[in-house]
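Coordinates in review
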Amino acid sequence: MPADERFAVRRDRARASVPRPLAAAPVPSGVPLPDGLALRGRLATGARRPETPRGSGRGGPGSRPPRTGRGGGPRRAYERARRAWDRPLTAYYVILGSSLLITVLGLVMVYSASMIKALDISKPSTYFFGKQFLAAVIGGALMLLAARMPVKLHRALAYPILMVTVFLMVLVQVPGIGMSVNGNQNWLYLGGPFQLQPSEFGKLALILWGADLLARKQDKRLLTQWKHMLVPLVPVAFMLLGLIMLGGDMGTAIILTAILFGLLWLAGAPTRLFAGVLGAAAAIAFLLIRTSPNRMSRLACMGVSEPDPEGGCWQAAHGIYALASGGWFGSGLGASVEKWGQLPEPHTDFIFAITGEELGLAGTLSVLALFAALGYAGIRVAGRTEDPFVRFAAGGVTTWITAQAVINIGAVLGLLPIAGVPLPLFSYGGSALLPTMFAVGLMIAFAREDPAAKAALAMRKPGVRWKTMRRRVKKRPSGER
């Protein structure tokens, strides 16, 4: 046999002696394989590892630069803040945290601003603080109750709260039952040192009842007609305003008017209709101010820097003095000079001035930032909901708290007339604190009703998280590790 033929025969025998790879047997789904078997199966089926581009390894020209820290410049910080704000529970935590911080800081400032006033009327230095603390405890219980109540129950309580509030406001005008404080006939005596101002609850009653009314009309598509938008919302609001003005409380009437405008704006009132109602309210307000020497004197005190020789604008001027003497960080907690009889009502209407004197610009800006955060979170709740009642109620509460804070702080700064309204959640006054904390609980309940917030809260419950983790862990056959 020639040599080339013998070489070909040997080559064929050598190829035949090499074992061929067997086809990979199908592996049942759900059964994990050891690392060696998995690697052999991939090699047998011809699977290849993904190729990495050249230079993409460690230290190569295509690798990402290592992070130099948690920060990454202002743009990265802004993106992180924006993502944090877009989380489902952000509004819930902002409303809860800002309202509690305002209330706690208000308790501290009420004690500091009222101790001299309490000693002046032969009471203990903690007299006003004790009453405010008791109101804060009751208000906290109301806030927790409102936060846990479903939206349907809030709507069911709208009409009872309105009827009870109207009855109490009528009862205030009955001689022998109602009492006058600082010239305003709008208080009920409850016995002992406790009094009640029903007009403060009128704000909450108008919001709940108006939101329920507008939501039912929107469901029936009736808000496109101006008569359904105005009636009976505007007549009932004017009835409440009339009862308030019978007692002479112009400040509460202004807040109630702002709530009415907020509800009409949220309902989509056309510009001419909105302007008509606004013009009518402005004309009535001008008439009421023009016919009252006390209100005219308050209007004349805007922007003054020193009192008149006859003693006019005393409160407005000393409020500016308190703010000016505070400086950047204030004179110290409890070290105010204006509260020693110079500034009238230091623990109610002008507590913001005492805050500026004792805590300085830093303290006042902190209070403004907390109110801004609370208002913005309320706008977010009203803007992201699909429920019309939640949108109207959250918008009404946000309008109430924001407008009242602006009017109070604007009067202290001399930018607005002194309206005699307290700073929400901050000033002394249990009648103002109780409905405001219930309204904050209302917004917390609305923030919890968001579908994304519901899912996030459900995942944070210990039982739900444990069950979810148990579902994720797959059972392994016995004997495997």
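Rules of the game
- Residues numbered from 1 in each chain as written.
- Predicted model: local features only at pLDDT ≥ 70, side-chain atom pairs only at ≥ 80, totals over all residues.
- Heavy atoms only, no water.
- Axes fitted to C-alpha atoms, helices over the stretch in contact; angles between N-to-C directions.
- Helix = DSSP H or I, 4+ residues; strand = E, 2+ residues; numbered from the N terminus.
- Parallel < 35°, antiparallel > 145°, perpendicular 65-115°, else oblique.
- Left-handed = near helix turned anticlockwise from the far one by under 90°.
- Contact = heavy atoms within 4.5 Å.
- Nonpolar A, V, L, I, M, F, W, Y, C, P; charged D, E, K, R; others polar.
- Pairing = 2+ DSSP bridges.
- pLDDT = per-residue confidence, 0-100.

Turning our attention to the packing of helix α14 (residues 314–326) against helix α15 (residues 351–384). Here α14 crosses α15 at 30 degrees, and the two axes come no closer than 7 Å. Judged on the interaxial angle alone, α15 and α14 are roughly parallel. Relative to α15, the crossing made by α14 is right-handed. Each of G319, A322, L323, S325 and G326 in α14 lies in contact with α15, whose residues at this interface are F352, A353, G356, E357, G360 and T364. Classifying every residue of the contact of α14 with α15 by side-chain character gives four nonpolar, six polar and one charged.

Here the focus is the sheet that holds strand β3 (residues 194–196). One key point about sheets: their strands pair by backbone hydrogen bonds, in either a parallel or an antiparallel sense. With antiparallel pairing, three strands are arranged side by side in an open sheet as β1-β2-β3. At either end of the open sheet lies a strand with only one pairing partner, and these are β1 (178–181) and β3. Within this sheet the neighbouring strands show an average axis-to-axis angle of 55 degrees, counted without direction. The pairing of strand β2 (residues 184–191) with β3 spans three bridges and is antiparallel. Within β3, the position partnered with Y189 by the bridge is Q195.

Looking at the protein as a whole, its pLDDT mean stands at 83, while 81% of the residues score no less than 70. Predicted confidence is poor over residues 33–47, with pLDDT under 50, and the contacts of this stretch with residues over four places away or in other chains come to five contacts. In this model residues 468–476 is a low-confidence stretch, pLDDT under 50, and it forms two contacts with partners more than four residues away in sequence or in other chains.

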